[in-house]
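Below, each chain spelled out in residue letters.
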Amino acid sequence: MDKLIITAAISGAEVTKEHNPAIPYTVEEIAREAKSAYDAGASIIHLHVRNDDGTPTQDRARFEACINAIREVAPDVIIQPSTGGAVGMTDLERLQPTEIEGTEMATLDCGTLNFGGDEIFINTENTIKNFGRIMIERGIKPEIEVFDKGMIDYAIRFEKQGFIKKPMHFDFVLGVQMSASARDLAFMVDSIPEGSTWTVSGIGRHEFPMAAIGIAMGGHVRVGFEDNVYLDRGVLAKSNGELVERVVRLAKELGREVATPAEARKILNLEEK
Ligand code: KMH
Ligand code: ZN
């Protein structure tokens, strides 16, 4: 089994300080949360950025400021900007962080889905192909975001058409559209091409149960405020670091070593930058 790659989704686009006062908005807060996750054992920071008032933005300059601040406190961590941004953003807005020199990874959302209430997160076939092509051109490894099984089938089809390169890396997000169960996770893992890598993100109360199952199955794990703001039922996490610490403890109990950023780069076949 490979060592365990822990991704920390430190900020997200939807959660606010009303949900948890530790949600980072400013550049300094983003750096603080990235450091707490990195110090605890995360090797990837999945990054959304905000304006100081907390509204989500995909502004290139804001991403650059946050990435530079993260580099100061976690020099070797892998930074994975979101190209999903927030519901309603245009493709051009969403693609801005992929223009930044040195970007190693970025998310590639492989389908359209319900995102709560009346919200629809739109990813048309042309959007996905265009994002995939741009990531290949820029040497960026996509983390393929999978919210239900059809999105794996899209990714496989688009790989055959040359819009995504092998080996593919998937993130199974369980608890948004698809339910969070061991059965569903096993079905996803069984459905990806051989040689692929995968991580699991359990949303809300599913975060740690899915992490434990992912660790035991030999996958990788994502936690963080984007997905869940609680450490325990009714107890807010004080930092992303607290969430990562728990995954590190689970891994230890299950006999799985945690990967450094350098080891994660090898496991994921990232291009040298
Ligand atoms: N905020 C969601 C609309 C991603 O980072 O690529 C999209 C999202 C997925 O969070
Ligand atoms: Zn995200």
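Keep in mind that what you see is a predicted model, and the values were worked out from it rather than measured.

(A) Region of the structure containing the overall build of the chain. Tallying secondary structure elements over the chain gives nine helices and 14 strands in all. Relative to the compact-globule value of 19 Å for 273 residues, the chain shows a C-alpha radius of gyration of 17 Å, a close match. By its C-alpha atoms, the chain is 45 × 40 × 40 Å across when sized along the principal axes. When contacts within the chain are restricted to residue pairs at least 6 apart in sequence, those whose partners lie at least 24 apart make up 72%. By element, 50% of the accessible surface of the chain is carried by carbon and sulfur atoms, the whole surface being about 11600 Å². Across the chain, the mean location of the 30 positive side-chain charges is 3 Å away from that of the 43 negative side-chain charges.

(B) Representation of the site of ligand 1 within the structure. Lining the immediate environment of ligand 1, one finds E14, H46, H48, S82, G84, G85, V87, T107, D109, F115, F121 and E226. Between an oxygen atom of ligand 1 and a side-chain N or O atom of H48, the distance comes to 3.1 Å. G84 places a main-chain nitrogen or oxygen 3.4 Å from an oxygen atom of ligand 1. Relative to its unbound accessible surface of 310 Å², ligand 1 loses 97% to contact with the protein. More than half of the atoms belonging to ligand 1 lie within 2 Å of the grid points that define the largest pocket.

(C) Representation of the environment of D153. With respect to the element layout, D153 can be found in helix α5 (residues 149-160). Relative accessible area serves as the criterion here: at 30%, D153 is assigned to the partly exposed category. It is 9.1 Å that separates the C-alpha atoms of D153 and C110, two residues lying 43 residues apart in sequence. A distance of 3.0 Å separates a polar atom in the side chain of D153 from a polar atom in the side chain of K149.

(D) A look at the nonpolar core. Residues L47, I70, F170, F172 and V247 are the most contacted members of the largest nonpolar core, which totals 72 residues. It is helix α1 (residues 27-40) that provides the largest number of residues to this core, a total of six residues. Once you skip the residues sitting within four places of it in the chain, I70 turns out to touch I30, A31, A34, I45, L47, V77 and I79. Among the nonpolar cores identified, the runner-up in size contains nine residues, and I44, I78, A259 and L268 belong to it.

(E) Spotlight on the packing of α1 against helix α2 (residues 60-73). At their nearest, the axes of α1 and α2 sit 9 Å apart, and the two run at 40° to each other. In terms of axis orientation, α1 runs oblique to α2. For the element pair α1 and α2, the recorded crossing hand is right-handed. Mapping the contact onto sequence places V27, I30, A31, A34, K35 and Y38 in α1 and R62, A65, C66, A69, I70 and V73 in α2. Looking at the contact of α1 with α2 residue by residue, the classes come out as 10 nonpolar, no polar and two charged.

(F) Region of interest: the environment of A40. By the element assignment, A40 lies in helix α1. With 203 residues separating them along the chain, A40 and L243 place their C-alpha atoms 8.8 Å apart.

(G) Broad picture of the packing of aromatic side chains. Scanning the model with the defined rule gives five aromatic pairs in all. Ring geometry for F170 versus F172: centroids 6.2 Å apart, planes at 15°, classification stacked. Each ring, one from F172 and one from W198, has its centre 5.9 Å from the other, and the planes form 35°; the classification is tilted. Taken together, the residues F172 in strand β10 (residues 169-174) and W198 in strand β11 (residues 197-202) connect sequence positions 26 residues apart. The pair F172 / W198 is uniform in exposure class, with both members buried. A network of ring pairs unites the aromatic residues F115, F121 and F147 as a single cluster.

Parameters at a glance
Residues numbered from 1 in each chain as written. Chains lettered and ligands numbered in written order. Predicted model: local features only at pLDDT ≥ 70, side-chain atom pairs only at ≥ 80, totals over all residues. Heavy atoms only, no water. Helix = DSSP H or I, 4+ residues; strand = E, 2+ residues; numbered from the N terminus. Rg over C-alpha atoms; globule rule 2.2 N^0.38 Å. Contact = heavy atoms within 4.5 Å. Areas by Shrake-Rupley, 256 points an atom, 1.4 Å probe, with all protein chains shown as cover. Lys, Arg positive; Asp, Glu negative; His and termini not counted. Charge placed at Lys NZ, Arg CZ, Asp CG, Glu CD. Near = heavy atom within 4 Å. Polar contact = N/O pair within 3.5 Å; in protein donor to acceptor, adjacent residues only side chain to side chain. 1 Å grid on protein atoms, 1.4 Å probe; cavity = no way out; pocket = protein on both sides within 12 Å on 5 of 7 lines; lining within 4 Å. Sits in = over half its atoms within 2 Å of the grid points. Buried < 20%, exposed > 50% of the residue type's maximum accessible area, 1.4 Å probe, protein only. Core = buried A, V, L, I, M, F, W, Y, C linked by side-chain atoms within 4.5 Å. Axes fitted to C-alpha atoms, helices over the stretch in contact; angles between N-to-C directions. Parallel < 35°, antiparallel > 145°, perpendicular 65-115°, else oblique. Left-handed = near helix turned anticlockwise from the far one by under 90°. Nonpolar A, V, L, I, M, F, W, Y, C, P; charged D, E, K, R; others polar. Phe/Tyr/Trp six-rings, centres within 6.5 Å; stacked < 30°, edge-to-face > 60°.

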